[in-house]
Amino acid sequence: MQLTDIGQSTLDLQQTGEARLQEICDRYGLTNASYAHIDTSLQIVHGCTTFPADWVNYYTDNNLILADPLIRFGASTIAPLEWSAYSAQPEYSPMFEAAKRFGVGCQGISIPTIGPFGSRGLFTVTSNLPATRWQSKIQKLLPELRHEAQLLHLLALDVIDITLDFPAESLSGDERDVLKMLAAGLSPQSIARQIGFSSGLINILTDSIMTKFRSNTIEQAVGRAVSVGTLLWTDFFANPVLEVVDRDQRVLLGGIVYWTRNNYEIISFDRGRQVRDLASFVPVEAASLSERFLISIEAITGAFGEDADRKIWVKNL
């Protein structure tokens, strides 16, 4: 297992990974924090941390990543991993004792994260509080820390492609078409019928896609395709008609898709991808969108809000 630092990459175009983690520590009164993206197929962990540099060097020099139960179990479970469940076990206690000596923290919890297409991450926070006070604190903070974990995971996917260097541009036209249909949930047999290829050729194209994205499953390949921008949310819908952006945060809020018989539906994101170019977005009133798409004003403003000028910034697709 290899450890790769993505800490100097700007996760959200405003701050580095360490700065964001330090902000979380300051906000919740924690000692340290770390985030790790776990690539199980390549056996690589990409991460950023506020841990002391001496500990990071000790961890990597002694290849502790191979013995770390948090990484091992974080790649396969969804439940938070309390350090106290492992620190007393003879197999793992030397690592946790060393962490304390280097100032990582006496108490800790690691929260696994799973992306929309199966990508794995691990968010860890530590403290020097006594055990009883730590348990009380973590019970109150866990819902908020779960949210922070998922947000870090989604933000990190924006920069993982810098480290992994996926050869997405090498996908052929047929491979791109098959990837989009697989992402939409179609089976290989359905794809073969729709585009007139044999099932054998679809399997060959699928294997090639997985090889190029260095993935063990098609879900993992789709997740990586989304993370590097090969696939967009609009690829998952037959008739996307509009995108909506938060102009201040420069992130997509969602969009509107067309189904049948003038039936339109709002698609909203908890956290959309970063938008580099805002030039194609124009301001409109919620009432105008309501009249155009036969969606209530309340539903539109509830999903997308309004800016200070009571406008919603949209791009027609």
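This one's a predicted model, so the numbers in the text were calculated from it and none came from an experiment.

Rules behind the numbers
- Residues numbered from 1 in each chain as written.
- Predicted model: local features only at pLDDT ≥ 70, side-chain atom pairs only at ≥ 80, totals over all residues.
- Heavy atoms only, no water.
- Pairing = 2+ DSSP bridges.
- Helix = DSSP H or I, 4+ residues; strand = E, 2+ residues; numbered from the N terminus.
- Axes fitted to C-alpha atoms, helices over the stretch in contact; angles between N-to-C directions.
- Contact = heavy atoms within 4.5 Å.
- Buried < 20%, exposed > 50% of the residue type's maximum accessible area, 1.4 Å probe, protein only.
- Polar contact = N/O pair within 3.5 Å; in protein donor to acceptor, adjacent residues only side chain to side chain.
- Left-handed = near helix turned anticlockwise from the far one by under 90°.
- Nonpolar A, V, L, I, M, F, W, Y, C, P; charged D, E, K, R; others polar.
- Phe/Tyr/Trp six-rings, centres within 6.5 Å; stacked < 30°, edge-to-face > 60°.
- pLDDT = per-residue confidence, 0-100.
- Parallel < 35°, antiparallel > 145°, perpendicular 65-115°, else oblique.
- Salt bridge = Lys/Arg side-chain N within 4 Å of Asp/Glu carboxyl O.

Within a sheet, each strand pairs with its neighbour through backbone hydrogen bonds, oriented either parallel or antiparallel. Spatially, E9-E8-E7-E11-E10 is the arrangement adopted by the 5 strands of the open sheet, whose pairing is antiparallel. The open sheet has two edge strands, strand E9 (264–268) and strand E10 (282–284), and neither has a second partner. Within the sheet, the average angular offset between the axes of one strand and its neighbour, ignoring direction, is 35 degrees. In the sheet, strand E8 (residues 251–258) pairs with E9 via 5 bridges, with the strands oriented antiparallel. Residue Ile256 lies in a different strand from E9, and its bridge partner there is Ile266. Sitting on the sheet, helix H12 (residues 297–304) touches strand E7 (240–246), E8, E9 and strand E11 (312–316), and the angle it makes with E9 is about 20 degrees.

This next bit is on the environment of Ser110. Position of Ser110 among the secondary structure elements: in strand E5 (residues 107–114). Take Ser110: its relative accessible area is 0%, and that puts it in the buried class. Spatially, the C-alpha atom of Ser110 lies 6.5 Å from that of Glu82, the residues being 28 residues apart in sequence. The residues touching Ser110, leaving out its near neighbours within four places in the chain, are Leu70, Pro80, Leu81, Trp83, Leu122, Phe123 and Thr124. Here the side chain of Ser110 touches Thr124 through a polar contact of 2.7 Å, side chain to side chain.

Here Phe102 is to be found in the loop between helix H5 (93–101) and E5. By relative accessible area, Phe102 is classed as partly exposed at 28%. Separated by 50 residues in the primary sequence, Phe102 and Pro52 have C-alpha atoms spaced 7.0 Å apart. Leaving out residues up to four positions away in the same chain, Phe102 has contacts with Pro52, Asp54, Trp55 and Tyr58.

Okay, the packing of helix H8 (residues 188–195) against helix H9 (residues 199–212) next. For the pair H8 and H9, interaxial distance at closest approach is 9 Å and the crossing angle is 115 degrees. Considering how the two elements wind past one another, H8 and H9 form a crossing that is right-handed. Residues Pro188, Ile191, Ala192 and Ile195 of H8 form the contact with H9, whose own contacting residues are Ser199, Ile202 and Asn203. By residue class, the composition of the contact of H8 with H9 is 5 nonpolar, 2 polar and no charged.

Here the focus is the packing of aromatic side chains. Taken as a whole and judged by the stated rule, the model has 9 aromatic pairs. Judged by centre distance (6.1 Å) and plane angle (70 degrees), the rings of Tyr86 and Tyr92 are edge-to-face. Across this residue pair, the class does not change: Tyr86 and Tyr92 are buried.

This part covers the confidence of the model for the protein chain. Scored by pLDDT, the protein chain has a mean of 81; 82% of the residues are at 70 or more. By mean pLDDT, strand E1 (residues 2–5) is the weakest element of the protein chain at 43, and H5 is the strongest at 95. This stretch, residues 1–15, has a pLDDT under 50; its non-local contacts, to residues over four places away or in other chains, come to 57 contacts.

Working note: a packed helix pair is described by the angle between its axes plus the distance between those axes. Contact geometry for helix H2 (residues 53–61) and H5: axes closest at 9 Å, N-to-C directions at 155 degrees. Between H2 and H5, the interaxial angle falls into the category roughly antiparallel. Crossing of H2 against H5: the hand is right-handed. Residue-level contacts link Trp55, Tyr58 and Tyr59 of H2 to Met95, Ala98, Ala99 and Arg101 of H5. When grouped by side-chain class, the residues that make up the contact of H2 with H5 number 6 nonpolar, no polar and 1 charged.

Counted by the stated rule, this structure contains 6 salt bridges. Of the charged contacts, one joins Glu23 and Arg27 as a salt bridge, the two residues approaching to 3.0 Å between their closest N and O atoms. Of this pair, Glu23 and Arg27 are both found in helix H1 (residues 17–28), 4 residues apart, which corresponds to roughly one turn of the helix. With relative accessibility at 38%, the residue Glu23 sits in the partly exposed group. Here Glu97 and Lys100 are joined by a salt bridge, their closest N and O atoms 3.8 Å apart. Of the two residues, Glu97 and Lys100 are both situated in helix H5; the distance of 3 residues between them amounts to about one turn of the helix. With a relative accessible area of 39%, Glu97 lands in the partly exposed category.

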